[in-house]
Amino acid sequence: MLGYLTRRLVQSALILLGVSFITFLLLYVLPADPVRQIAGRSATAQTVENIRHQLGLDQPLLVQYWRYLSGLVQGDMGRSYLQKTEVATLIASRLPATLLLMLGGIVCELLIGLTLGVVAAVFRGRPLDQGLMVTSFVAVSAPQFVVGLLLLYLFAVQLGWFPIGGYGTFAHLVLPAITLGIMGSGWYSRMMRSSMVDVLRQDYIRTARAKGLTRRRILLRHALPNAILPIIAMIGIDIGIFMGGIVVVESVFGWPGIGQLAWQAIQRVDIPVIMGVTMVSATAIVLGNLLADLITPMIDPRIKLR
Amino acid sequence: MADVADLSSPRAATAGALRRLMRRKLALLGLAIIVIVVGGAVLAPWIAPFEPDEQLFDGLTLYGEPMPPGGAFLMGTDLLGRDLFTRMLYGARTSLVIGVVANGVALVIGTLVGVLAGFLRGWVGAVLMRFTDLMMAFPALLLAICLAAVFQPSLWIVAMVIALVNWVQTARVVYTETTSLSEREFIAAEKTLGASSARILFRHILPHLVPTLIVWGTLGISVTVLLEATLSFLGVGVQPPTPSWGNIIFENQTYFQAAPWLVFIPGAAILLLALAFNLVGDALRDVLDPTQRGND
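For every chain, the first residue of the written sequence is number 1, and numbering continues from 1 onward in sequence order. For this description, chains carry letters from A and ligands carry numbers from 1, given in the order in which they are written. A pLDDT threshold of at least 70 governs which residues receive local features in this predicted model, and a stricter bar of 80 or more applies before side-chain atom pairs are shown or counted, although totals over entire chains, interfaces and linings include all residues. The side-chain numbers reported here are obtained from all heavy atoms of the structure, hydrogens and water having been left aside.

**Brief notes about the overall build of chain A**
Going along the chain from the N terminus, every DSSP run of H or I of four or more residues is numbered as a helix, and every run of E of two or more is numbered as a strand. In terms of helices and strands, chain A carries 13 helices and zero strands. Starting at the N terminus and ending at the C terminus, chain A contains elements arranged as α-α-α-α-α-α-α-α-α-α-α-α-α. Expressed as lengths along the three principal axes of its C-alpha atoms, the size of chain A is roughly 85 × 55 × 30 Å. Across the 306 residues in chain A, those meeting the buried criterion constitute 47%. In what follows, residue pairs with any heavy atoms lying within 4.5 Å of each other are defined as contacts. Pairs at least 24 residues apart make up 73% of the contacts formed inside chain A by residues separated by at least 6 positions. Accessible area of chain A: about 15,200 Å², with a carbon and sulfur share of 65%. With 25 positive and 14 negative side-chain charges, chain A shows a separation of 12 Å between the mean positions of the two kinds. Residue exposure (1.4 Å probe, protein chains only): buried if accessible area is under 20% of the type maximum, exposed if over 50%, otherwise partly exposed. Areas reported here follow the Shrake-Rupley algorithm with a probe of radius 1.4 Å; residue values treat only the protein chains shown as occluding. Positive charges come from Lys and Arg, negative ones from Asp and Glu, while His and the chain ends are left out of the count. Lys charges are placed at NZ, Arg charges at CZ, Asp charges at CG and Glu charges at CD.

**Structural notes on the overall build of chain B**
Helix and strand counts for chain B stand at 11 helices and zero strands. Along chain B, from the amino end to the carboxyl end, the secondary structure elements read α-α-α-α-α-α-α-α-α-α-α. Burial statistics for chain B: of 296 residues in total, 52% are counted as buried. Sequence-distant contacts, at least 24 apart, represent 71% of the contacts inside chain B between residues at least 6 apart. Surface summary for chain B: the accessible area is close to 13,600 Å², and the carbon and sulfur share equals 67%.

**Quick word on the UniProt feature "transmembrane region" (unreviewed entry) in chain B**
Residues and elements named next belong to chain B. Residues annotated in UniProt with the feature "transmembrane region" (unreviewed entry) correspond here to residues 26–47, 97–120, 140–165, 213–238 and 258–280. Between the end C-alpha atoms of residues 26–47 the distance is 28 Å, and the span holds 95% helix and 0% strand. The distance separating the terminal C-alpha atoms of residues 213–238 is 27 Å; by composition the span is 81% helix and 0% strand. UniProt positions are given in the numbering used here, feature names are shortened, and annotations may be inferred rather than shown by experiment.

**Section: the packing of aromatic side chains**
Stacked, tilted and edge-to-face pairs are distinguished by plane angle, under 30 degrees for stacked and over 60 for edge-to-face with tilted covering the rest, among Phe, Tyr and Trp rings (Trp via its six-membered ring) whose centres lie within 6.5 Å. Going through the model one piece at a time under the given rule, you end up with seven aromatic pairs over all chains. Seen from their ring centres, Phe 145 of chain A and Phe 233 of chain B are 4.3 Å apart, and the 10 degrees between their planes marks the pair as stacked. One end of the pair, Phe 145 of chain A, is in helix H7 (residues 144–158); the other, Phe 233 of chain B, is in helix H9 (residues 197–233), on a second chain. Of the two residues examined, Phe 145 of chain A and Phe 233 of chain B, each falls in the buried class. Linked through ring pairs, Phe 21, Phe 24, Tyr 65 and Tyr 68 of chain A together constitute an aromatic cluster. The rule for a charge over a ring is simple: NZ of Lys or CZ of Arg within 6 Å of the ring centre, and within 35 degrees of the ring normal. Positioned over the ring face of Phe 137 of chain A is Arg 190 of chain A, at 4.1 Å from the centre of the ring.

**What about the nonpolar core?**
By size, the foremost hydrophobic cluster in this structure holds 150 residues, and its most contacted members are Phe 145, Leu 149 and Met 196 of chain A together with Ile 145 and Trp 245 of chain B. The element contributing the most residues to this core is helix H11 (residues 261–288) of chain B, with 16 residues. The source of the domain bounds is an automatic or database domain assignment. Taken together, domain 1 (1–79) and domain 2 (89–299) of chain A each give at least three residues to this core, which thus spans both. Not counting residues up to four positions away in its chain, the partners in contact with Met 196 of chain A are Val 118, Ala 121, Leu 219, Ala 223, Leu 224 and Ala 227 of chain A. Throughout this description, the term nonpolar core refers to a set of buried Ala, Val, Leu, Ile, Met, Phe, Trp, Tyr and Cys residues connected via side-chain atoms within 4.5 Å.

**Here we look at the interface of chain A and chain B**
At the junction of the two partners, chain A supplies 46 residues and chain B supplies 41 residues. Taking both sides of the interface into account, the surface hidden between chain A and chain B amounts to around 3,700 Å²; carbon and sulfur atoms contribute 82%. In this description, buried area is defined as the sum, over both parts, of the accessible area (probe of 1.4 Å) that is lost when the two are combined. Considering only the side of chain A, the residues that lose the most area to chain B are Phe 137, Phe 145 and Leu 149 of chain A, jointly responsible for 16% of the buried surface there. A pair is scored as a salt bridge if a Lys or Arg side-chain nitrogen falls within 4 Å of a carboxyl oxygen belonging to Asp or Glu. For the pair chain A and chain B, the interface holds one salt bridge. Distance and chemistry together define a polar contact, namely a pair of N or O atoms within 3.5 Å, with one atom able to donate a hydrogen and the other to accept it when in protein, and with adjacent residues in sequence counting only for side-chain atoms on both sides. At the boundary of chain A and chain B, one finds one residue pair in polar contact (both at pLDDT 80 or more). When contributions to the side of chain A that touches chain B are tallied by element, the ones reaching two or more residues are helix H1 (2–29), helix H6 (127–141), H7, helix H8 (170–200), helix H11 (235–253), helix H12 (258–267) and helix H13 (271–299) of chain A. Of the residues belonging to the side of chain A that touches chain B, the class tally is 34 nonpolar, eight polar and four charged. Gly is placed with the polar residues, together with every amino acid not listed as nonpolar (Ala, Val, Leu, Ile, Met, Phe, Trp, Tyr, Cys and Pro) or charged (Asp, Glu, Lys and Arg).

**Comments concerning the packing of H7 of chain A against H11 of chain B**
Between N-to-C directions, angles span 0 to 180 degrees; the directions come from axes that are lines fitted to C-alpha atoms, helices contributing only their stretch in contact. Relative to each other, H7 of chain A and H11 of chain B sit at 140 degrees, their axes nearing to 10 Å. By the angle between their axes, H7 of chain A is oblique relative to H11 of chain B. Of the two possible hands of crossing, H7 of chain A and H11 of chain B adopt the one that is left-handed. From H7 of chain A, Phe 145, Val 146, Leu 149, Leu 150 and Tyr 153 of chain A reach across to H11 of chain B, where they touch Val 263, Phe 264, Gly 267 and Ile 270 of chain B. Residues of the contact of H7 of chain A with H11 of chain B, tallied by class, amount to eight nonpolar, one polar and no charged. The labels follow the angle: roughly parallel below 35 degrees, roughly antiparallel above 145, roughly perpendicular from 65 to 115, and oblique for the rest. In this scheme the handedness of a crossing depends on how the near helix is turned from the far one: anticlockwise by less than a right angle means left-handed, clockwise means right-handed.

**Side note on the pattern of salt bridges**
All names here are of chain B. This model, assessed by the stated rule, comprises 10 salt bridges over all chains. Across the salt bridge formed by Arg 82 and Glu 251, the nearest N and O atoms sit 3.4 Å from each other. In this pair, Arg 82 sits in the loop between helix H3 (44–47) and helix H4 (84–120) while Glu 251 sits in helix H10 (residues 245–252), placing the two residues 169 residues apart along the sequence. Taking relative accessible area as the criterion, Arg 82 reaches 4% and is therefore assigned buried. When its relative accessible area of 23% is taken as the criterion, Glu 251 is described as partly exposed. Arg 285 serves as the salt-bridge partner of Asp 282, at 3.3 Å between the closest nitrogen and oxygen. Here Arg 285 and Asp 282 lie together in helix H11, a separation of three residues that amounts to about one turn. Under the relative-accessibility criterion, Asp 282 is labelled buried at 13%. Looking at Arg 285, the relative accessible area reads 25%, which means it is partly exposed.

**Topic: the UniProt feature "transmembrane region" (unreviewed entry) in chain A**
Residues and elements named next belong to chain A. What UniProt calls "transmembrane region" (unreviewed entry) maps, in this numbering, to residues 12–30, 99–123, 132–155, 167–188, 227–253 and 273–296. Across residues 99–123, the secondary structure splits into 96% helix and 0% strand, with the terminal C-alpha atoms separated by 36 Å. With 92% helix and 0% strand, residues 132–155 has its two end C-alpha atoms placed 23 Å apart.

**Focus: the environment of Leu 9 of chain A**
Residue and element names in this part refer to chain A. Of note, Leu 9 is situated in helix H1. Relative accessible area serves as the criterion here: at 43%, Leu 9 is assigned to the partly exposed category. Along the sequence, Leu 9 and Leu 290 sit 281 residues apart, while their C-alpha atoms lie 8.4 Å from each other.

Listed below in structure tokens is the structure:
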């Protein structure tokens, strides 16, 4: 176990090193010039060169990368070109909002997805089951920004139940969390259905039925815990999928998280911020996958770590 | 000698699968949607009532507001007084071209990487798969936005950006399939008979990958369509005035409380097209891959 963990952590660190290099390389070769953005349109060639020199952007790629990397391992992500603030500070100030949104998204997708999956499994083969499975396909195929705008239009503009956007109270969280979670709820309902169908076929369920237990008790106490276990491990993988979704959801709802930060940074070619957000996202994805792999054998002892 | 494996010949399996596919109602619904969208896109110049960029004189109300659906404008008009139905038809071209091209390129890259890694093993395979792991850790949408934002995207650049982000899943699936195929008896038999690597690869491994590629190719179009719409919605995808379902929403979203049709008609179209490819892809998986069956 400890050996496995060490090996996986080293692997994860190498992956993150690779991600940092590729992102750095991409931002280096891209035709957008951050110095022009900082200096403004009317700057003289001399000013532009001065800024370039100040930021060290006239150095060769590998020198620049080495400087960035040695800062990064000490927790220094550099300064934003345009806001003159530490990138780490910027990200730290935005991260709580994003984590809250992701937590909301996970709760929504599990609540909706697992419930629908269980109902579909119980009514297997009947019209309700087929209807729910079509619904799950619709959920998976719905573009997040359309879902977000639709929820905004119905529940904020027309009905006035929720605020139109922003951040602060629980009411602000509801619509963005549902928007983020709806795609995942489609996947979870399909996985939960097939997991539940498998469990309901097992001998011990037949035994429970033969003992004369109520349907409700068999479902909730005997089948559900076993059916839910393999699905819990998937939550780690969701983190990666959410990392893309937050850019869209935060933009639709004006949610002040790192998705918005990244989006603004990209538009202004603020390279240190783009690098910072990419590294934080990649770390979250790698840790999420690691978590999923670690949880699986705890849930199902038949699976061994290698 | 090549006919030894004919009992499980991929071609015969595919023909049978097509018949089974036709019996599935949801798959037929998906196919119907695809046919309608493709038809609309191909016939756009003939069935569109106006030009896509034409700012119509009576396309705005006296107060300069867009016209709601009905009357001369089947789906209403947009903020510039252009006919939405016409733009939807031309927008279908964008979605389909990007869906097919981007997904095709991603499929080719993914297959190449997966087959090479699975067939060659050794250090080439190891390097390729580690690179794939690395790509998995990239926040894909962030990467796509970043690339698209910097390149002043044309239709083809958007397609390439999407392809560069989307080949990873295919590579992993193809890799797993190729490694398990390489260990099967009929491949071992071919090797014993002295068949060259190229022969094994092209005559035996690639044909057996066809069902997988058909399934992933179909499901992948749905992912591509959604990604293109998302990029265009953020304003870094296909650029106006070329209509795309995503950038129609991007152009009009500030006004969506007063003119919701400008957001929800293209939104519904994106959903339906993605849904159609998902339905067909899922049905294909059921009929082409017997191991996936049994959940019904």
